Protein chains: 4
Amino acid sequence: MGSTTTPRRSNTRQRIQDVALKLFLEQGYEKTALREISDELGVTKAALYYHFKTKEDILVSLFRDLGRHMDELIAWGKRQPRELAVKQELLARCSVIFHDAAPLFDILIANQATLDALSVGQDFKDRVAALSDLLQEENSSLNARVRCATALLTLHFGTFAIRQLDGDPEEKRLALLAGATELLTSAHEGILSGTAGPAAGVPPEG
Amino acid sequence: MGSTTTPRRSNTRQRIQDVALKLFLEQGYEKTALREISDELGVTKAALYYHFKTKEDILVSLFRDLGRHMDELIAWGKRQPRELAVKQELLARCSVIFHDAAPLFDILIANQATLDALSVGQDFKDRVAALSDLLQEENSSLNARVRCATALLTLHFGTFAIRQLDGDPEEKRLALLAGATELLTSAHEGILSGTAGPAAGVPPEG
Amino acid sequence: MGSTTTPRRSNTRQRIQDVALKLFLEQGYEKTALREISDELGVTKAALYYHFKTKEDILVSLFRDLGRHMDELIAWGKRQPRELAVKQELLARCSVIFHDAAPLFDILIANQATLDALSVGQDFKDRVAALSDLLQEENSSLNARVRCATALLTLHFGTFAIRQLDGDPEEKRLALLAGATELLTSAHEGILSGTAGPAAGVPPEG
Amino acid sequence: MGSTTTPRRSNTRQRIQDVALKLFLEQGYEKTALREISDELGVTKAALYYHFKTKEDILVSLFRDLGRHMDELIAWGKRQPRELAVKQELLARCSVIFHDAAPLFDILIANQATLDALSVGQDFKDRVAALSDLLQEENSSLNARVRCATALLTLHFGTFAIRQLDGDPEEKRLALLAGATELLTSAHEGILSGTAGPAAGVPPEG
DNA sequence: TATGAATGAGGATTCATTCAT
DNA sequence: CATGAATGAATCCTCATTCAT
């Protein structure tokens, strides 16, 4: 161990990333001007261009790790048999990855319209779709499919939404995971098409 | 006689809203230039300013109805007793409102970073928070609280996410609602911490 | 008595002038949008164009009377012999005209850069120049000429400046006139070139 | 060697100021578009924004020196005893400052309506008021007060007005100063109301 | 490694003005 | 008399990006 490989480049690159992350979070990607980043760092805008080719490039660099982790998980998932336990494990690992990258999710979610036009957004969508596929059962009912999709969704958006609730972060993460797992599990228990659907919450007029 | 071509009291205002909605959906609010809207309508940018005071004003006008509907629901919720059946009904009505305003949700979700800085975003957040409050039980466990929050969230984000699933829209909506109701209901059944209160009015199913 | 000659036109024209005068005073000519005028009147911008051909035309109409009065004074001055008493009388009449049209002077002074490019500004400058000529003595000393010019100036700008001093308006006007007359008179008393100039206020280094 | 054509640390900032001053004088501040400035310089509008934050900032930069000089004079005035000789000296120094900054006065006077809404205008008004205070005597008669105010005014507006008179500039300046000093002095001599206080230090002339 | 200077494209907004009704 | 609708031209300003040094 010890960073034997990383070239001894100045830490400016890292500092740019740090500040960029902070500002993208606070103001959004589009509304963050490069000048704001450079100002906060005490360098010139031009300096940013020494370290990154474009503004988008800064953004991309922030997502490199998350992309790798998701790819690894997807690869793992593909090697496993298609059974409930595996899917639950998938969800659990997802939960960890998502929470570790929580700030990136904030950016992803809050800047969708913008990122959709960028590689970052497309790549992420593709990966979520791949994960979603791994959770789905072929030929399952609509109810089941919606629930599987929702399970992942809960993790994805919930990661970002439960921050405003009080409580220990790890506890909250587990509670969220529990809810998601519940949805996934119920999708697998054939109980779906009959009772749960129409029984609850449908306006009586229907 | 009768002006067949030039409408006397033109419907331009409505047409602006239509085109704006379309473009905000396709490209995001920020990336949509007023010029694009006016070009598509075959009028001048200045014409937009005859009908709306600012770009934001166009956006706001699109959300007027949704805001009203949510306010009515919140008002209704506040008049009801705090019991599970009411909350389920709340969720069900929410589901209807959200789905009726589906395109607006797309905009809301995809442009969060932008809209957060605008009245539209703040107003909506406030209303969702109010609804969320109506679903919560005092002194409930963390698990229950996370689930209640997630229930609403599922509706909110799910509305936007299930569009890419195949199937009849109304069926999908009901499936989504079913999942959300399940989360809400389970939060209210003793299964979470035993303190969630008497699950009055819930048919002991399963 | 009774306005027998004035055509029975609506009083809108007059009301436009009133509001315009008020707003031109408060905000300046350029910064006052026609929309502000029409809004304050509860009519449409287009309505203004029924009564006046252009924005400038509104302005011009406000200055019509003042122009006439000055022209009359100039004409009178030209008929009189060139002597001190006449000039003093000229100054006194000027003082009355200027003070009666005080608001117009505010506009004239505060919007010079703008009005200079307009007929209103040019016309006024020409008239002041004509008056100034009437006060001047041929072949007089520089000192005398400066003082004569200053005398009129004092009236012109002073009208506008003494408003912030406390005191009865008419008293202030007379005090201002007294100062101006003093300057004019001293220009005529040959006492100028010798004592008053270098004696007071010149830095000792000179 | 040595870049003969492209200056390394370009003097663009100064050139912008020069051109701006010229155009503000010729056309007024408001009517001068930034495009005109940049065109005349052969650069882009954006280049102006590299050197100045806003259009107003260009204007402010032009007035920086004048503001400093006036502040120094005010500070000096406050340290002196309140007597006629001091006030005469004040007027004299004012005269010098005003004439050195003659073009700025043109701008100040010709664009009042505009500048009043800007910091430049307010700051200047404040400074003139401070100077005016230094010239005033407590409890003096209205006549005296009007004259003191007029004295400064004469300098202020006269600076701008005597340019159209023939004659050596410095001579004209002195003549103007003489007139102003006369007004000030007469305000201090018993001739106005007898209460103006002991004319200490004034040689009993004429 | 970085900067100073500049660009080009584009954005929202404002305004006087016009004209059919 | 007056309005509703629209225009065209202009304005200030912002931003990502470039490049010689």
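No experiment lies behind these values; they were computed from the predicted model shown.

Colleague: What's the story with the interface of chain D and chain C in this structure? I'm lost.
Modeller: When the parts of a complex come together, some accessible area is lost, and that lost area is often used as the size of the interface. Across the contact, 40 residues belong to chain D and 40 residues belong to chain C. Both sides together, the interface formed by chain D and chain C hides about 3,300 Å², and carbon and sulfur atoms give 67% of it. Across the chain D-chain C interface, the total number found is two salt bridges. Here chain D is connected to chain C by seven residue pairs in polar contact (both at pLDDT 80 or more). Secondary structure elements with two or more residues in the side of chain D that touches chain C: α5 (84–100), α6 (102–110), α7 (112–115), α9 (142–161) and α10 (169–188) of chain D.

Colleague: Got a minute to help me understand the UniProt feature "DNA-binding region" (unreviewed entry) in chain A in this structure?
Modeller: According to UniProt, the feature "DNA-binding region" (unreviewed entry) maps to residues 33–52 of chain A in the numbering used here. The span residues 33–52 of chain A is 75% helical and 0% strand by assignment, and the distance between its end C-alpha atoms comes to 15 Å.

Colleague: Help me understand the packing of helix α1 (residues 12–27) of chain B against helix α6 (residues 102–110) of chain B in this model?
Modeller: To describe two helices that pack against each other, one gives the angle between their axes and the distance between the axes. Residue and element names in this part refer to chain B. α6 packs onto α1 with a crossing angle of 45° between their chain directions and a minimal axis gap of 9 Å. The orientation of α1 with respect to α6, classified from their angle, is oblique. When you trace α1 past α6, the crossing you get is left-handed. Facing Leu21, Phe24 and Leu25 of α1, the residues of α6 in contact are Pro103, Leu104, Asp106 and Ile107. Of the residues contributing to the contact of α1 with α6, the split by class is six nonpolar, no polar and one charged.

Colleague: Whenever I open this one, the protein's contact with DNA strand E confuses me. Can you help?
Modeller: In the vicinity of DNA strand E lie 38 residues, with Thr44(A), Tyr49(B), Thr44(D), Tyr50(D) and His51(D) positioned nearest. The side chain of His51(A) places a nitrogen or oxygen atom 2.8 Å from a phosphate oxygen of DNA strand E. Between DNA strand E and the protein, one listed contact pairs a phosphate oxygen with a side-chain N or O atom of Thr44(D) at 2.6 Å. At the level of secondary structure, the elements contributing two or more residues to the surface near DNA strand E comprise α3 (45–51) of chain A, α2 (34–41) and α3 (45–51) of chain B, α2 (34–41) and α3 (45–51) of chain C together with α3 (45–51) of chain D. Take the surface near DNA strand E: its biggest share by element is five residues, from α3(A). A per-class count over the surface near DNA strand E returns 16 nonpolar, twelve polar and ten charged.

Colleague: Just checking my understanding: could you explain the packing of aromatic side chains for this structure?
Modeller: In this description, an aromatic ring pair is defined by two values, namely the gap between the centres and the angle between the planes. Applying the stated criterion across every chain yields a total of 14 aromatic pairs over all chains. Ring plane angle 40° and centroid distance 4.4 Å describe the contact between Phe98(B) and Phe105(B), whose orientation is recorded as tilted. Across this residue pair, the class does not change: Phe98(B) and Phe105(B) are buried. Ring geometry for Phe105(C) versus Phe124(C): centroids 5.4 Å apart, planes at 85°, classification edge-to-face. With a gap of 19 residues between them, Phe105(C) in helix α6 (residues 102–110) and Phe124(C) in helix α8 (residues 119–135) connect regions that are remote in the sequence. Exposure remark for Phe124(C): the relative accessible area of 8% places this residue in the buried category. Taken together, the ring pairs in this structure connect Phe98(A), Phe105(A) and Phe124(A) into an aromatic cluster. In this arrangement the basic side chain of Lys55(D) is found over the ring face of Tyr29(D), its NZ or CZ atom lying 4.5 Å from the centre. Lying over the aromatic face of Trp76(D), Arg93(D) brings its terminal NZ or CZ to 4.0 Å of the ring centre.

Colleague: Got a minute to help me understand the relation of the copies chain A and chain B in this structure?
Modeller: With an RMSD of 0.2 Å, the operation that places chain A on chain B is a rotation of 179° combined with a shift of 0.0 Å along the axis. Put plainly, the chains are arranged around a two-fold axis. The share of interface residues of chain A whose copies in chain B are also at the interface is 81%, consistent with both copies meeting through the same surface.

Colleague: Help me out: how do you make sense of the domain arrangement of chain A in this one?
Modeller: Residues and elements named next belong to chain A. What the domain assignment lists for chain A is domain 1 (1–53) and domain 2 (56–193). On a C-alpha basis, the centroid separation for the pair domain 1 and domain 2 is 28 Å. Summing the contributions of domain 1 and of domain 2, the shared interface buries around 1,100 Å²; its carbon and sulfur component is 74%. In this assembly, domain 1 and domain 2 are joined by five residue pairs in polar contact (both at pLDDT 80 or more). Ranked by residue count, the leading element in the side of domain 1 that touches domain 2 is helix α1 (residues 12–27), at seven residues.

Colleague: What should I look at first to understand the UniProt feature "domain: HTH tetR-type" (unreviewed entry) in chain A in this one?
Modeller: The positions UniProt marks with the feature "domain: HTH tetR-type" (unreviewed entry) are residues 10–70 of chain A. Taken as a whole, residues 10–70 of chain A contains 77% helix and 0% strand, while its terminal C-alpha atoms sit 29 Å from one another.

Colleague: When you look at the side chain of Gln17(C) in this model, what are you seeing that I'm missing?
Modeller: Residues and elements named next belong to chain C. Mapped onto the secondary structure, glutamine 17 falls in helix α1 (residues 12–27). Classification of glutamine 17 as buried rests on a relative accessible area of 12%. Look past the residues within four positions of glutamine 17 in its chain and what remains in contact with it is Phe52, Ser61 and Leu62.

Conventions and cut-offs
- Residues numbered from 1 in each chain as written.
- Chains lettered and ligands numbered in written order.
- Predicted model: local features only at pLDDT ≥ 70, side-chain atom pairs only at ≥ 80, totals over all residues.
- Heavy atoms only, no water.
- Contact = heavy atoms within 4.5 Å.
- Buried area = accessible area lost by both parts, 1.4 Å probe.
- Salt bridge = Lys/Arg side-chain N within 4 Å of Asp/Glu carboxyl O.
- Polar contact = N/O pair within 3.5 Å; in protein donor to acceptor, adjacent residues only side chain to side chain.
- Helix = DSSP H or I, 4+ residues; strand = E, 2+ residues; numbered from the N terminus.
- UniProt positions renumbered as here; feature names shortened; annotations may be inferred.
- Axes fitted to C-alpha atoms, helices over the stretch in contact; angles between N-to-C directions.
- Parallel < 35°, antiparallel > 145°, perpendicular 65-115°, else oblique.
- Left-handed = near helix turned anticlockwise from the far one by under 90°.
- Nonpolar A, V, L, I, M, F, W, Y, C, P; charged D, E, K, R; others polar.
- Near = heavy atom within 4 Å.
- Phe/Tyr/Trp six-rings, centres within 6.5 Å; stacked < 30°, edge-to-face > 60°.
- Buried < 20%, exposed > 50% of the residue type's maximum accessible area, 1.4 Å probe, protein only.
- Lys NZ or Arg CZ within 6 Å of the ring centre and 35° of its normal.
- Least-squares fit on C-alpha atoms with pLDDT ≥ 70 in both.
- Domains from an automatic or database assignment.

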